[in-house]
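# Structural description and commentary
Each chain is listed here by its residues.
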Amino acid sequence: PVCLDKKMGAELTYCVQVYEQGAKLSIVTDAGSHGTHVAGIVGAYFPSSPDDNGVAPGVQILACKIGDGRLDSSETGTGLIRALMAAKQYGCDLINLSYGEPFLEADKGRVAECFNQASRDWGIAVFASAGN
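Overview of the structure. (Residues numbered from 1 in each chain as written. Predicted model: local features only at pLDDT ≥ 70, side-chain atom pairs only at ≥ 80, totals over all residues. Heavy atoms only, no water.)

### Here's the deal with the overall build of the protein chain
Put simply, the rule reads: A helix here means a DSSP run of H or I that spans at least four residues, while a strand means a run of E at least two residues long, and both kinds are numbered starting from the N terminus. The buried label applies to any residue whose accessible area, calculated with a 1.4 Å probe on protein chains only, is under 20% of its type's maximum; exposed applies above 50%, and partly exposed to all values in between. Whether two residues touch is decided by their heavy atoms; if any such pair falls within 4.5 Å, the residues are in contact. Surface exposure here means Shrake-Rupley accessible area, sampled with a 1.4 Å probe, where a residue is shielded only by the protein chains that are shown.
Looking only at helices and strands, one finds three helices and eight strands in the protein chain. What you see in the protein chain, going N to C, is helices and strands ordered as β-β-β-β-α-β-β-α-β-α-β. A burial count over the protein chain gives 15% of its 132 residues as buried. Pairs at least 24 apart in sequence give 41% of the contacts found in the protein chain among residues at least 6 apart. Carbon and sulfur atoms make up 54% of the accessible area of the protein chain, which totals about 10100 Å².

### Some remarks on the environment of Ala44
Along the chain, Ala44 falls in the loop between helix H1 (34-43) and strand S5 (67-68). On the basis of relative accessible area, Ala44 is assigned to the buried category, the value being 18%. Once you skip the residues sitting within four places of it in the chain, Ala44 turns out to touch Ala39, Asp52, Asn53, Gly54, Pro57 and Gly58.

### Looking at the pairing of strand S7 (residues 94-97)
Test applied: Strand pairing is assigned whenever DSSP detects at least two bridges linking the two strands.
Burial along S7 is one-sided: the residues Ile95 and Leu97 are buried and none of Leu94 and Asn96 is. Pairing between S7 and strand S8 (residues 125-128): four bridges, direction parallel. Residue pairing for S8: Leu97 is matched across the bridge by Ala128.

### Some thoughts on the nonpolar core
Where we set the bar: Nonpolar cores are built from buried Ala, Val, Leu, Ile, Met, Phe, Trp, Tyr and Cys residues. Side-chain atoms within 4.5 Å join them into one set.
Judged by nonpolar contacts, Ile66, Leu80, Ala83, Leu84, Ala87, Ile95, Leu97, Cys114, Phe115, Ala118 and Ile124 together constitute the single largest core of eleven residues. Elements that contribute at least two residues to this core include exactly helix H2 (77-89), S7 and helix H3 (110-122). It is H2 that provides the largest number of residues to this core, a total of four residues.

Structural measurements only, silent on function.
See the structure below:
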């Protein structure tokens, strides 16, 4: 974290990723801590205190930013598809989609089709929250 204003206590958390041998730079800022919270529930690992472990202690987690700070951190189709492609690229066994807002039909549309197809073709299990 980089502190912006010590008097106000404001902080900016960001991630810098370099792709394509330096030809592409991605700077991502965090719009909230929900993903970190969920990752902790899943992967917490306390060897000396197993009762405090998460549901999959020590699991490797690939975190993907799907929200857009300009949209009050709401996810975008582009963000979801990029995350899906990253899951494939890095050999993920499952995807947890933990976000939610009102919708008409959760299993309709191009993004849902892509996730359904990827699940079948790539063997990646996809889990989604029920509205957080």
